[in-house]
Amino acid sequence: MTKDSKNILVVDDEPKILEAVASFLKSKGFSVYTAQTGTQALALFDRMNVALVVLDLMMPDMTGEEVCRILRKKSRVPIVMLTAKAQENDQLEGLGLGADDYITKPFSLKVLCARIEALLRRAGDDLIPLTMKNSWNDGDLYVDFEQNVIRKQGRPVSLTPNELKILSALVKYPGKVFTRAELITLALGDEFDGYDRAIDSHMKNLRQKIEDDPRSPAYILTVHGLGYKFGGE
């Protein structure tokens, strides 16, 4: 995935910091969404395909720790905590909640950007889902990524390596919309030289294998004009 397709969510209740961080990251080629409250941040996260979150800890409606806890229940998205809380215990608490990095204020924009780029490089190589064993719709679909076992209504399902990679990418960020180009990069690799519409064939095959009705899917959902997302509950 190219840097241009990386969406960063920056959350801070200080407008000057928000503007400075957003402006600098945009100058480096990132797409940036901003929020000044935890509530705004969570709403944006649910609507946008966010690749990384820069998260202030002290906000007016809910703490950054609370936001981090909620995000970690549904996504492995990299989280950088950006805060004036400089005590060791504060840092340990933040990292213990699932943050990937912790930067204290005042900070260097160049260092923040370098940390973000490093985290995104690691995240791009990591297709490990939120949990290794997953079950959706009261056990209708079961996936054990550790053993590469997929069952539909208790019956084994055989997926090709590419189909398994695509399913893993979708499950890693449940509810997030992926473009075809993003899925190709995440699941098939940068060396893939086919057309982006080739991903549609993989999706069609996946639906044939894991959906009750491939024409009315419950898991592999099309978001018209954008791409695909995972819809299991």
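Residues numbered from 1 in each chain as written. Predicted model: local features only at pLDDT ≥ 70, side-chain atom pairs only at ≥ 80, totals over all residues. Heavy atoms only, no water.

Trainee: Looking at this model, I keep getting lost on the overall build of the protein chain. Mind explaining?
Mentor: A count of helices and strands for the protein chain gives eight helices and eleven strands. Taking as baseline every contact in the protein chain between residues at least 6 positions apart, the subset at least 24 positions apart corresponds to 58%. Put simply, the protein chain shows about 11,800 Å² of open surface, and 49% of that area lies on carbon and sulfur atoms. (Helix = DSSP H or I, 4+ residues; strand = E, 2+ residues; numbered from the N terminus. Contact = heavy atoms within 4.5 Å. Areas by Shrake-Rupley, 256 points an atom, 1.4 Å probe, with all protein chains shown as cover.)

Trainee: Explain the pairing of strand 4 (residues 79–83) to me, please; I cannot follow it from the model alone.
Mentor: Regular strands place side chains that alternate from one sheet face to the opposite one. Of all five residues making up strand 4, five are buried, and the element is well covered by its neighbours. Judged by which residues are buried, strand 4 turns out to be covered on both faces: Ile 79, Met 81 and Thr 83 on one side and Val 80 and Leu 82 on the other are all buried. Bridge analysis of strand 3 (residues 52–55) against strand 4 gives three bridges, and the strand direction is parallel. Paired with Val 54 across the strands is Val 80, a residue of strand 4. In this fold, the crossover linking strand 3 to strand 4 by way of helix 3 (residues 64–72) has right-handed handedness. Here strand 4 pairs with strand 5 (residues 101–104) via four bridges, running parallel. Looking across to strand 5, one finds that Met 81 is bridged to Tyr 102. (Buried < 20%, exposed > 50% of the residue type's maximum accessible area, 1.4 Å probe, protein only. Pairing = 2+ DSSP bridges. Right-handed = clockwise from strand over helix to strand, strands pointing away.)

Trainee: I tried to follow the pairing of strand 3 on my own but got confused; where do I start?
Mentor: Across the two faces of strand 3 the burial is the same, with Leu 52 and Val 54 and Val 53 and Leu 55 all buried. Pairing geometry for strand 1 (residues 7–11) and strand 3, over four bridges, is parallel. Bridge pairing links Leu 9 to Val 53 in strand 3.

Trainee: Please explain the packing of helix 2 (residues 38–47) against helix 3 as it appears in this structure.
Mentor: What describes two packed helices is the angle between their axes and the distance between those same axes. Where helix 2 contacts helix 3, the two axes come as close as 10 Å, and the packing angle between them is 20°. In terms of orientation, helix 2 and helix 3 fall into the roughly parallel class. Remark: the crossing between helix 2 and helix 3 carries right-handed chirality. Residues Gly 38, Leu 42 and Phe 45 of helix 2 form the contact with helix 3, whose own contacting residues are Val 67, Ile 70 and Leu 71. Among the residues forming the contact of helix 2 with helix 3, the class breakdown is five nonpolar, one polar and no charged. (Axes fitted to C-alpha atoms, helices over the stretch in contact; angles between N-to-C directions. Parallel < 35°, antiparallel > 145°, perpendicular 65-115°, else oblique. Left-handed = near helix turned anticlockwise from the far one by under 90°. Nonpolar A, V, L, I, M, F, W, Y, C, P; charged D, E, K, R; others polar.)

Trainee: What am I meant to see in helix 1 (residues 15–27) here?
Mentor: Each turn of an α-helix holds 3.6 residues, which means side chains three or four residues apart point in the same direction. For helix 1, which comprises 13 residues, the first-to-last C-alpha distance of 18 Å matches the rise-based estimate of 18 Å (1.5 Å per residue) to within 8%. Every buried residue belonging to helix 1 is among Ile 17, Leu 18, Val 21, Ala 22, Phe 24 and Leu 25, and all of these are buried. Down the axis of helix 1, the buried side of the element spans an arc of 165°, and every buried residue falls inside it. In helix 1, the exposed positions that point more than 90 degrees away from the buried face belong to Lys 16, Glu 19 and Ser 27. (Expected span 1.5 Å × (residues − 1). Arc of directions from axis to C-beta.)

Trainee: Sorry, what's going on with the packing of aromatic side chains here?
Mentor: The relative placement of two aromatic rings is captured by the distance of their centres and the angle of their planes. Going through the model one piece at a time under the given rule, you end up with two aromatic pairs. Ring centres of Trp 136 and Phe 230 lie 4.9 Å apart, and the angle between their planes is 65°; this geometry places the pair in the edge-to-face category. Here the residue Trp 136 occupies a position in strand 6 (residues 133–136), and Phe 230 occupies one in strand 11 (residues 227–230), the gap between them amounting to 94 residues. On the basis of relative accessible area, Trp 136 is assigned to the buried category, the value being 9%. With centroids separated by 5.9 Å and ring planes inclined at 25°, the aromatic side chains of Tyr 219 and Phe 230 adopt a geometry described as stacked. Linking Tyr 219 in the loop between helix 8 (198–210) and strand 10 (220–223) with Phe 230 in strand 11, this pair joins segments that are eleven residues apart in sequence. (Phe/Tyr/Trp six-rings, centres within 6.5 Å; stacked < 30°, edge-to-face > 60°.)

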